[in-house]
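# Descriptive structure summary
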Amino acid sequence: MKNILVTGGAGFIGVNFIKMILEKEPGIRIINLDLLTYAGNLESLKQELDNPNHFFIQGNIGDTELIEKIIQEYSVDSIINFAAESHVDRSISDPDIFVKTNVLGTLNLLRNAVKYNVKRFLQVSTDEVYGSLEDSEELFTEITTIKPNSPYSASKASADHFVRAYQHTFGLDTVITRCSNNYGPYQFPEKMIPLCINNILNDKSLPVYGDGLQIRDWLYVKDHCSAIWKVFKNGVSGGIYNIGGCNEKTNLELVKTLLKILDKPESLITFVKDRPGHDRRYAIDAYKIMNTLDWRPSVTFEQGIKKTVEWYLCNKKWLEDVTSGAYRNYYKEMYDGR
Ligand code: NAD
Ligand code: DAU
């Protein structure tokens, strides 16, 4: 497979994925379709915009005509769908766009994948489709019952069901990945880690929801990207692959770690009202991908979080620009003119 339509390639994980592919896989052409919502940032791909193996198109995965045109014009032979509304808090206040993008947008891609004989479709899903773990010993496996608790995870679970149905009904070659929480460079500072780093750098308080004892299983974004690539290349058709780093941390532990690295006092921690329906614990059993596809994370949490903080320290301008939306007009003019 040579011509891959990567959707949502201007977002956090998509950017890291595209950088990895352009660096390591010279035979691959990436057609990057991204709507450039508040979460998409072409500034992150500044150097890649001139790469002859990278074609950027601003547009919506729900736009049928556009998808048909792209598949034909670029001879797209496979699709990796990162595009999504990805923030749980936003899904609680404004769920409709989550259905439009995450469910209907994915359906539109699937329909056209079948119509144009696309060879492989990889859906980037999430561990949040499994719901919340209460028992401290339990882990999410690929056969854990799906029990989404937030409008975000309900939309992602629904998309997963459509992917499965398209494999079953139309014989589309699909694979689904379900990863735990990512951290690393280029993450929009609404998510916990970049939000806290940004606040620490500005001597602002760190808002910890509820009692701060919720647990997330953290994975460095580049390790998620390498896992996606393994599944894309060698995953069994119709397969689901959990991805995780075995790094369970409470939110309080996480925040304290960031304060320690940046040498700031714990008095910056402020407990705020809890997220409604807040999932208590996520933890991934990654046995399947480790043993059948020989994937391993490349860094420990301690190494990854230090690298991450260093990256934000070296890229304060990026952080300021995405927070204020300063870069947005520049790229808007550039792509609106086409
Ligand atoms: P993100 O919010 O940073 O990026 C999403 C990208 O999708 C943005 O560039 C945005 O402009 C684009 N987009 C949104 N709606 C679109 C549409 N209708 N058409 C085209 N593009 C559109 O998200 P992320 O953290 O990079 O997550 C990428 C994928 O990985 C998502 O599907 C998410 O559910 C999944 N995921 C994320 C995590 C995580 O920890 N961040 C973990 C597991 C899975
Ligand atoms: O598990 C994978 C999921 O991880 C992805 O599918 C989602 O796209 C991604 O956003 C992430 O979801 P979370 O809700 O776990 O991530 P978030 O960074 O929003 O929050 C992490 C934890 O920190 C969570 O328990 C809520 C808490 N939190 C978050 C924010 C933004 C706070 O305590 N305070 C905050 O201000």
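Since the model is a prediction, treat every value here as computed from it, not as a measurement.

### Quick notes on the site of ligand 2
- Not every one of the 23 residues close to ligand 2 is listed here, only the nearest: Asp-127, Glu-128, Tyr-152, Arg-275 and His-278.
- Within the backbone of Met-192, an N or O atom sits 2.8 Å from an oxygen atom of ligand 2.
- Expressed as a share of its isolated accessible area of 690 Å², the protein-covered part of ligand 2 is 93%.
- Elements with a contribution of two residues or more to the shell around ligand 2: α6 (192-201) and β8 (206-209).
- Broken down by element, the residue count for the shell around ligand 2 peaks at three residues, all from β8.
- A per-class count over the shell around ligand 2 returns nine nonpolar, eight polar and six charged.

### Side note on unusual backbone geometry
- Non-glycine residue Leu-36 carries a positive phi angle of around 55 degrees.
- Note that Leu-36 resides in the loop between β2 (29-34) and β3 (54-58).
- Even without being a glycine, Asp-294 presents a positive backbone phi close to 55 degrees.
- Take Asp-294: it is sitting in the loop between α9 (287-292) and α10 (301-314).

### With respect to the layout of surface pockets
- Estimated volume of the second largest pocket: approximately 370 Å³.
- Taken together, 18 residues make up the lining of the second largest pocket; nearest its centre are Asn-16, Met-20, Glu-23, Lys-24 and Lys-222.
- Among the secondary structure elements, those contributing two or more residues to the lining of the second largest pocket are α1 (12-24), α7 (221-234) and α10.
- If one sorts the elements of the lining of the second largest pocket by residue count, α1 sits on top with six residues.
- The residue makeup of the lining of the second largest pocket, split by class, is eight nonpolar, three polar and seven charged.

### Examining the nonpolar core
- Residues Phe-17, Ile-80, Phe-82, Leu-122, Trp-229 and Ile-289 are the most contacted members of the largest nonpolar core, which totals 74 residues.
- Considering each element in turn, this core owes the most residues, eight residues, to α1.
- The residues contacting Trp-229, other than those within four sequence positions of it, are Ile-4, Phe-17, Met-20, Ile-21, Glu-25 and Ile-28.
- Residues Leu-5, Val-76, Leu-109 and Leu-110 belong to the second largest nonpolar core, which totals 23 residues.

### Topic: the sheet that holds strand β9 (residues 215-220)
- Taking strand neighbours across the sheet as the criterion, the three strands line up as β7-β9-β11 in an open arrangement whose pairing is mixed. Two strands lie at the open edges of the sheet, namely β7 (181-183) and β11 (248-250), each paired on one side alone. Across the sheet, the mean angle separating the axes of adjacent strands is 50 degrees when strand polarity is ignored.
- Sheet topology note: the β9/β11 ladder contains three bridges and is antiparallel. When the sheet's bridge partners are listed, Asp-217 is paired in β11 with Glu-248.

### A look at the packing of aromatic side chains
- Per the stated rule, a full pass over the model turns up 17 aromatic pairs.
- Residues Tyr-186 and Trp-311 carry aromatic rings whose centres are separated by 4.6 Å and whose planes lie at 55 degrees to one another, so their mutual orientation is tilted. In this pair, Tyr-186 sits in the loop between β7 and α6 while Trp-311 sits in helix α10, placing the two residues 125 residues apart along the sequence.
- Residue classification places Tyr-186 among the buried residues on the basis of a relative accessible area of 17%.
- Among the residues examined, Trp-311 registers a relative accessible area of 15% and is labelled buried.
- Here Tyr-186 and Trp-318 contribute two aromatic rings whose centre-to-centre distance is 5.9 Å and whose plane-to-plane angle is 80 degrees, an arrangement assigned as edge-to-face.

### Here we look at the environment of Leu-252
- Counting through the fold element by element, Leu-252 comes out in helix α8 (residues 251-261).
- Discounting chain neighbours no more than four positions away, the residues touching Leu-252 are Asp-211, Gly-212, Leu-213, Ile-269 and Phe-271.

### Side note on the environment of Asn-234
- Summarising the element assignment, Asn-234 is placed in helix α7.
- Setting aside its immediate chain neighbours within four residues, Asn-234 contacts Arg-120 and Leu-293.

### Looking at the site of ligand 1
- Taken together, 28 residues surround ligand 1, and among them Ile-13, Asp-34, Ser-86, Tyr-152 and Lys-156 come closest.
- At 3.1 Å, a backbone N or O of Leu-35 approaches a nitrogen atom of ligand 1.
- In this structure, Leu-36 approaches ligand 1 through a main-chain N or O atom, which is 3.4 Å from an oxygen atom.
- For ligand 1, the accessible surface in isolation is 850 Å², of which the surrounding protein chains cover 96%.
- Elements with a contribution of two residues or more to the shell around ligand 1: α1, β5 (120-126), α5 (151-170) and β7.

Calculation criteria
- Residues numbered from 1 in each chain as written.
- Chains lettered and ligands numbered in written order.
- Predicted model: local features only at pLDDT ≥ 70, side-chain atom pairs only at ≥ 80, totals over all residues.
- Heavy atoms only, no water.
- Near = heavy atom within 4 Å.
- Polar contact = N/O pair within 3.5 Å; in protein donor to acceptor, adjacent residues only side chain to side chain.
- Areas by Shrake-Rupley, 256 points an atom, 1.4 Å probe, with all protein chains shown as cover.
- Helix = DSSP H or I, 4+ residues; strand = E, 2+ residues; numbered from the N terminus.
- Nonpolar A, V, L, I, M, F, W, Y, C, P; charged D, E, K, R; others polar.
- 1 Å grid on protein atoms, 1.4 Å probe; cavity = no way out; pocket = protein on both sides within 12 Å on 5 of 7 lines; lining within 4 Å.
- Points joined across faces, edges and corners; volume = space filled by probe spheres on them.
- Core = buried A, V, L, I, M, F, W, Y, C linked by side-chain atoms within 4.5 Å.
- Buried < 20%, exposed > 50% of the residue type's maximum accessible area, 1.4 Å probe, protein only.
- Contact = heavy atoms within 4.5 Å.
- Pairing = 2+ DSSP bridges.
- Axes fitted to C-alpha atoms, helices over the stretch in contact; angles between N-to-C directions.
- Phe/Tyr/Trp six-rings, centres within 6.5 Å; stacked < 30°, edge-to-face > 60°.

Note that all results are geometric; they support no functional claim without further evidence.
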